[in-house]
Amino acid sequence: MPWFAAIGVAVTIIAYRLGLVVYPAGTGLQAGVKNMDMETITPATAEVRLAMYRQMLRIRLVEEAIARLYPEQEIRCPTHLCIGQEAPPVGVSAHLGTQDLVFTGHRSHGHYLAKGGDLGAMMAELYGRETGCAHGKGGSQHLIDLACGFMGSAPILASTISVGVGAAWAARMDGADRVVVVYFGDGATEQGVFHESMNFAGTNRLPVVFVCENNLYSVHSALDIRQPAGREIHELGAAHGVHGVVGDGNDVEIVHTLAKEAVEGARDGGGPSIIELLTYRWMEHCGPGDDTGLGYRDAGELAEWRARDPVACYRRRLLEMQILSQAVHDDYSAEIDSEIEQAVAFAKNSPFPEPDALDHFVYPG
Ligand SMILES: Cc1ncc(C[n+]2csc(CCOP(=O)(O)OP(=O)(O)O)c2C)c(N)n1
Ligand SMILES: [Mg+2]
């Protein structure tokens, strides 16, 4: 980091600590800190806490491996990494069974893995291979694994919100014990279909949980310049009969607590809810690089959020609570590294789809 950037980061951090920095209402850092109160957390068992830690670490190490491999140019699809945003999928999925369904958008690796998606099939999909979870035709933005209830990701912004609500409507019609979770970003809430879907879900009291990962940006546009000051995303639910809550999306235990209420409520006939989780993307919007030089966000802001690393903070907390030991952490890391190595080898050694498979799984025009 150049000396002037280092001074900028230090000044920002000191100013923040001294309370000299006032963040605009509705943006993440301030609201997230407000929700750090540990007394509001419903304690999970030690077993669940360890499982959540391991899964967050796994998502982080997978994403870091993809970032390292991407420059080899063998992964040719646009790839949106979720480093920094590991807590939402893990805290939410802790309450989901195989029968429950997940829908999501372009930044979906964490959602797929936390729901039980196969890592080898995901890596093969990124490498465009026949053994990929979408037979190598979709790439990173079109993951799907029906066997574990991961119904799919699609990059058309907000498009899976209405499909997820349709699946919740089907669950109601079938009398199935099934909850649907739809993940999307703050940018997707600016699409009309977000409101239409919430209205339908709220009117019909459908078993769906809307999870908004508010990372403060839509590509390079900050939330503050896109939406009116003071309007909170979770409050948009109220207009549609959808219960709304907000919490620190970098704290997996807060996510776990909020998701428990929402998923159990939906399962017990309590209707839909929207959970807004305040979090932050570390890498560039699409790809493995650092984009703080582009001017739409600065290195100081990123440094503040990196100091609130969801994986490292949780590791420290579990070590302090003596739920996790350094030896167990090291075992987790080694196991995950070897799983990743095998998944990448599987992907690289798999064949590409045959040319005559081009029109398979495509509806005739
Ligand atoms: C209908 C549509 N419009 C525009 C885009 C281009 N686009 C891709 S990602 C994105 C921003 C998404 O922001 P957000 O929903 O906050 O998700 P994040 O990338 O921050 O995770 C946009 C505008 C798109 N994919 N689909
Ligand atoms: Mg966003």
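Model, not experiment: these values are computed from the prediction.

S.K.: So what exactly am I meant to see when it comes to the site of ligand 1 here?
M.R.: Within the structure, ligand 1 sits among 15 residues, and Leu 157, Gly 185, Gly 187, Ala 188 and Ser 218 are positioned closest to it. Counting only elements with at least two residues in the shell around ligand 1, the list comes to strand 3 (180-185) and strand 5 (217-218). Residues of the shell around ligand 1, tallied by class, amount to seven nonpolar, six polar and two charged.

S.K.: Any chance you could explain the environment of Ile 275 here in plain terms?
M.R.: Checked against the element boundaries, Ile 275 lands in strand 8 (residues 273-278). Looking at Ile 275, the number of C-beta atoms within 10 Å reads 28, which means it is buried. Sequence separation of Ile 275 and Gly 249 is 26 residues, and the distance between their C-alpha atoms is 9.7 Å. Leave out the neighbours within four places in its chain, and Ile 275 touches Val 209, Val 211, Val 245, Leu 258, Ala 259 and Ala 262.

S.K.: Before we go on, may I ask you to explain helix 11 (residues 310-320) in this structure?
M.R.: Since one α-helical turn is 3.6 residues long, residues separated by three or four positions face the same way. Within the sequence span of helix 11, burial applies to Pro 310, Val 311 and Tyr 314. For helix 11, the arc enclosing every buried residue in end-on projection is 90°, short of the 170-degree limit, so these residues lie on one face. With respect to the buried face of helix 11, the exposed residues turned more than 90 degrees away are Arg 316 and Glu 320. Contacts from the buried residues of helix 11 go to helix 3 (46-69), helix 4 (87-93) and helix 9 (252-267). Two residues or fewer past helix 11, Gln 322 is found with a positive phi of approximately 60°.

S.K.: What's the story with the sheet that holds strand 4 (residues 208-214) in this structure? I'm lost.
M.R.: Taken in spatial order, the six strands line up as 2-1-3-4-8-7 in an open sheet, and their pairing is parallel. What marks the edges here is a single partner per strand, and that holds for strand 2 (150-153) and strand 7 (243-248). If you compare each strand with its neighbour and ignore which way they point, the axes differ by 15° on average. In terms of strand pairing, strand 3 meets strand 4 through six bridges, oriented parallel. Directly across from Phe 184, in strand 4, lies its bridge partner Cys 212.

S.K.: Even after reading the chapter, I still don't get the pairing of strand 7, so can you show me in this structure?
M.R.: The sheet contact formed by strand 7 and strand 8 spans six bridges and is parallel. Following the sheet pairing, Gly 244 is matched in strand 8 by Ile 274. Note on the crossover from strand 7 through helix 9 to strand 8: the handedness is right-handed.

S.K.: Explain the nonpolar core here, please?
M.R.: Inside soluble globular proteins, nonpolar side chains tend to come together where they are buried. Within the largest apolar cluster, 83 residues are counted, with the highest numbers of intra-cluster contacts made by Met 56, Val 180, Val 181, Val 182, Val 208, Val 209 and Val 211. Contact partners of Val 182, with chain neighbours within four places excluded, come to Phe 103, Thr 160, Ile 161, Gly 164, Val 208, Phe 210 and Val 211.

S.K.: Is there a simple way to explain the pairing of strand 4 in this structure?
M.R.: For a regular strand, side-chain orientation follows a simple rule: the groups alternate between the two sheet faces. For strand 4, the tally of buried residues reaches seven of seven residues, placing the bulk of the element in the interior. Alternating positions in strand 4 separate into two faces, Val 208, Phe 210, Cys 212 and Asn 214 on one and Val 209, Val 211 and Glu 213 on the other, with burial throughout. Regarding topology, helix 8 (residues 192-204) serves as the crossover connection from strand 3 to the parallel strand 4, and that connection is right-handed. Where strand 4 meets strand 8, six bridges bridge the pair, whose relative direction is parallel. Pairing of Asn 214 across the sheet is with Leu 278, part of strand 8.

Conventions and cut-offs
Residues numbered from 1 in each chain as written. Chains lettered and ligands numbered in written order. Predicted model: local features only at pLDDT ≥ 70, side-chain atom pairs only at ≥ 80, totals over all residues. Near = placed C-beta within 6 Å. Helix = DSSP H or I, 4+ residues; strand = E, 2+ residues; numbered from the N terminus. Nonpolar A, V, L, I, M, F, W, Y, C, P; charged D, E, K, R; others polar. Buried ≥ 20, exposed ≤ 12 C-beta atoms within 10 Å, placed from the backbone. Contact = placed C-beta atoms within 7 Å. Arc of directions from axis to C-beta. Pairing = 2+ DSSP bridges. Axes fitted to C-alpha atoms, helices over the stretch in contact; angles between N-to-C directions. Right-handed = clockwise from strand over helix to strand, strands pointing away. Core = buried A, V, L, I, M, F, W, Y, C linked by C-beta atoms within 7 Å.

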